[in-house]
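So the chains spell out like this:
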Amino acid sequence: GENVEQHPSTLSVQEGDSAVIKCTYSDSASNYFPWYKQELGKRPQLIIDIRSNVGEKKDQRIAVTLNKTAKHFSLHITETQPEDSAVYFCAASFNKFYFGSGTKLNVKP
Amino acid sequence: EAQVTQNPRYLITVTGKKLTVTCSQNMNHEYMSWYRQDPGLGLRQIYYSMNVEVTDKGDVPEGYKVSRKEKRNFPLILESPSPNQTSLYFCASSFRQGNSPLHFGNGTRLTVT
């Protein structure tokens with residue numbers, strides 16, 4: 001089955017800096033790659049997603065890139081703010097979702 | 001409002017006492033799924049359902065049962081809970097399996113003593 005690895009497990013940045021979280025996947029059939037943000041005590045919520053026919057997608061301060069050849073995709077957050085502090089999960093899916101183990105992002109004011 | 005509703009939010013029970021966690025969605029989604037979340041292990045799938053009367057095991061199905069008699073409801077049943085099932089549980093649904101966004105419920109924190 002699919003195996004999704006996510007790095008780093010924790011990330012601490014200064015407010016205003018950029019943050020990058022990387023994921024790799026093993027199954028070349030995976031064609032949908034969402035990213036979820038989970039604040040403490042709350043449910044995961046979709047923040048951005050990308051499909052395999054697209055290399056990059058951007059939504060304001062958030063962007064995702066996908067390299068199908070290398071089987072990796074990344075989340076980029078620019079101009080980080082304290083409210084970006086949360087756990088971020090990547091996922092890869094063809095007919096089933098496989099989640100990474102999560103990255104705890106801490107944005108220091 | 002489009003949502004996935006789980007109940008209860010918190011549940012403390014004892015070993016062996018059967019329990020059910022309910023999940024309902026109002027988005028007419030075909031696909032529903034249950035996950036458990038444990039520290040350092042991310043989200044692991046317990047069971048999923050592609051449509052009414054169609055269910056299948058996920059990665060960690062042992063000790064759990066599900067049913068999908070109606071499209072909107074997907075209850076999770078623990079026939080004989082054990083302490084290793086203490087966890088945070090999320091129900092999720094999506095329009096179609098695999099390539100549309102998952103919408104999560106608010107979670108159920110279960111403690112089995």
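Fair warning: this is a prediction, and the values are worked out from it, not measured in the lab.

Here's the deal with the overall build of chain A
When helices and strands are counted, chain A shows zero helices and 11 strands. Listing every helix and strand of chain A by position from the N terminus yields β-β-β-β-β-β-β-β-β-β-β. Taking 13 Å as the expected radius of gyration for a compact globule of 109 residues, we find that chain A reaches 13 Å, a close match to that expectation. Projected onto its principal axes, the C-alpha coordinates of chain A cover approximately 40 × 25 × 20 Å. The burial tally for chain A puts 44% of its 109 residues in the buried class. At a minimum sequence separation of 6, the contacts of chain A that also span at least 24 residues come to 52%. When the accessible surface of chain A is summed, it comes to about 5,500 Å², and 46% of that surface belongs to carbon and sulfur atoms.

A closer look at the sheet that holds strand β1 (residues 4-7) of chain B
Residues and elements named next belong to chain B. What the four strands build is an open sheet, ordered β1-β3-β8-β7; its pairing is antiparallel. For this open sheet the edge positions go to β1 and β7 (65-66), each flanked by a neighbour on one side alone. Note that strand β3 (residues 19-25) and strand β8 (residues 76-78) share three bridges and pair antiparallel. When the sheet's bridge partners are listed, Thr20 is paired in β8 with Ile77.

Quick notes on the interface of chain B and chain A
Many authors give the size of an interface as the accessible area that is lost as the parts come together. Tallying the contact residues gives 20 residues for chain B and 21 residues for chain A. Here chain B and chain A share an interface that buries about 1,600 Å² over both sides, 54% of which is from carbon and sulfur atoms. When the buried surface of chain B facing chain A is broken down by residue, B:Leu43, B:Gly98 and B:Phe104 rank first, second and third, together holding 29% of it. Connecting chain B to chain A are one salt bridge. A salt bridge links A:Lys96 to B:Asp59; its shortest N-O distance comes to 3.3 Å. Taken together, the connections running from chain B to chain A amount to five residue pairs in polar contact (both at pLDDT 80 or more).

Thoughts on the state of the cysteines
Two cysteines whose sulfur atoms are joined by a covalent bond form what is called a disulfide. All told, the structure shown has two disulfides over all chains when counted by the stated rule. What pairs with A:Cys23 in a disulfide is A:Cys90, and their sulfur atoms sit 1.9 Å apart. Looking along the S-S bond of the A:Cys23-A:Cys90 disulfide, the torsion reads about -100°, which is the left-handed sense. Of this pair, A:Cys23 sits in strand β3 (residues 19-25) while A:Cys90 sits in strand β9 (residues 86-93), placing them 67 residues apart in sequence. Two residues, B:Cys23 and B:Cys91, share a disulfide whose sulfurs are 1.9 Å apart. Taking the sign of the S-S torsion, about -75° here, the bridge from B:Cys23 to B:Cys91 comes out left-handed. On the criterion of sequence distance, the pair formed by B:Cys23 in strand β3 and B:Cys91 in strand β9 (residues 87-94) is long-range, its members being 68 residues apart.

Comments concerning unusual backbone geometry
That bond from A:His7 to A:Pro8 is cis: its omega, -5°, falls within 30 degrees of zero. When you line up the elements, A:Pro8 lands in the loop between β1 (4-7) and β2 (10-14). With omega at 0°, the peptide bond leading from B:Asn7 into B:Pro8 counts as cis. Along the polypeptide, B:Pro8 turns up in the loop between β1 and β2 (10-13). With phi around 45°, A:Glu79 is a residue other than glycine that occupies positive phi space. Tracing the backbone shows A:Glu79 in the loop between β8 (72-77) and β9. Exposure remark for A:Glu79: the relative accessible area of 52% places this residue in the exposed category. A positive phi angle, close to 65°, is found at B:Glu53, a residue other than glycine.

Thresholds applied
Residues numbered from 1 in each chain as written. Chains lettered and ligands numbered in written order. Predicted model: local features only at pLDDT ≥ 70, side-chain atom pairs only at ≥ 80, totals over all residues. Heavy atoms only, no water. Helix = DSSP H or I, 4+ residues; strand = E, 2+ residues; numbered from the N terminus. Rg over C-alpha atoms; globule rule 2.2 N^0.38 Å. Buried < 20%, exposed > 50% of the residue type's maximum accessible area, 1.4 Å probe, protein only. Contact = heavy atoms within 4.5 Å. Areas by Shrake-Rupley, 256 points an atom, 1.4 Å probe, with all protein chains shown as cover. Pairing = 2+ DSSP bridges. Buried area = accessible area lost by both parts, 1.4 Å probe. Salt bridge = Lys/Arg side-chain N within 4 Å of Asp/Glu carboxyl O. Polar contact = N/O pair within 3.5 Å; in protein donor to acceptor, adjacent residues only side chain to side chain. Disulfide = S-S within 2.5 Å.

Spatial relationships are all this shows, so hold off on functional conclusions.
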